[in-house]
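Here are the chains, one letter per residue:
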Amino acid sequence: MFFGDDGQISDEQLKHMDEVTLKNARFVKMREGDVVLLDNYKTMHGRNVFDGTRKHGVAWFEGWEGEEEMKAELQEKMAITA
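Residues numbered from 1 in each chain as written. Predicted model: local features only at pLDDT ≥ 70, side-chain atom pairs only at ≥ 80, totals over all residues. Heavy atoms only, no water.

## Let's talk about a nonpolar patch on the surface
Line of reasoning, step 1. A cluster of nonpolar side chains, Val28, Met30, Val36 and Leu38, forms an exposed patch at the surface whose accessible area comes to about 350 Å².
Line of reasoning, step 2. By the element assignment, Met30 lies in the loop between helix H1 (11-23) and helix H2 (67-81). (Patch = residues over 30% accessible without salt bridge, like charges linked within 9 Å, V, L, I, M, F, W, Y side chains within 5 Å. Areas by Shrake-Rupley, 256 points an atom, 1.4 Å probe, with all protein chains shown as cover. Salt bridge = Lys/Arg side-chain N within 4 Å of Asp/Glu carboxyl O. Helix = DSSP H or I, 4+ residues; strand = E, 2+ residues; numbered from the N terminus.)

## Digging into unusual backbone geometry
Trans is the common state for peptide bonds, and a negative phi is the common state for residues other than glycine.
Line of reasoning, step 1. A positive phi angle is found at Asp6, which is not glycine, with a value near 70 degrees.
Line of reasoning, step 2. Its relative accessible area of 61% is what places Asp6 among the exposed residues. (Buried < 20%, exposed > 50% of the residue type's maximum accessible area, 1.4 Å probe, protein only.)

## Observations concerning H2
Line of reasoning, step 1. Over its 15 residues, H2 runs 21 Å from end to end, which matches the ideal 21 Å to within 8%, given 1.5 Å per residue.
Line of reasoning, step 2. Within H2, only one of the 15 residues are buried, which leaves it mostly out in the open. (Expected span 1.5 Å × (residues − 1).)

## Brief notes about the pattern of salt bridges
Line of reasoning, step 1. On inspection of all chains with the given rule, the structure shows three salt bridges.
Line of reasoning, step 2. Two residues, Lys71 and Glu67, come together in a salt bridge whose shortest N-O distance is 3.4 Å. One end of the pair is Lys71 and the other is Glu67, both in helix H2 and four residues apart, which spans about a single turn.
Line of reasoning, step 3. Classification of Lys71 by relative accessible area gives partly exposed; the value is 30%.
Line of reasoning, step 4. Its relative accessible area of 16% is what places Glu67 among the buried residues.
Line of reasoning, step 5. The closest approach of N and O atoms between Lys71 and Glu68, which form a salt bridge, is 3.8 Å. Placement of the pair is Lys71 and Glu68 together in helix H2, with a separation of three residues, close to one helical turn.
Line of reasoning, step 6. With a relative accessible area of 55%, Glu68 lands in the exposed category.
Line of reasoning, step 7. What emerges from the salt-bridge pattern is a single network uniting Glu67, Glu68 and Lys71.

Dropping the structure here:
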C-alpha cells in the first residue's frame, strides 16, 4: 500500500486508518428497489456480503443547477449549529 505520492504506508499508519474507518462506518440497510447515491470524492464505500443478486450502475456528472446555492445554504446552517 502506498500514499497517492507513492510514499510508503507503515503498518502503524494502516492500523490507524483502519481504526478511523471502522469508527466512522455507517451501515445502510437496504430493501429491494432501494438506491444509494454516493460522491466518490467524499465517501469511501463498500458493501457487506449478502445473498442474492445486485444491479450496479455508475453515473458520472459535473453537478447540477443550483448545486452551489445548496452548498452555501448547508454551510450557513452548519455554521449556525456549530
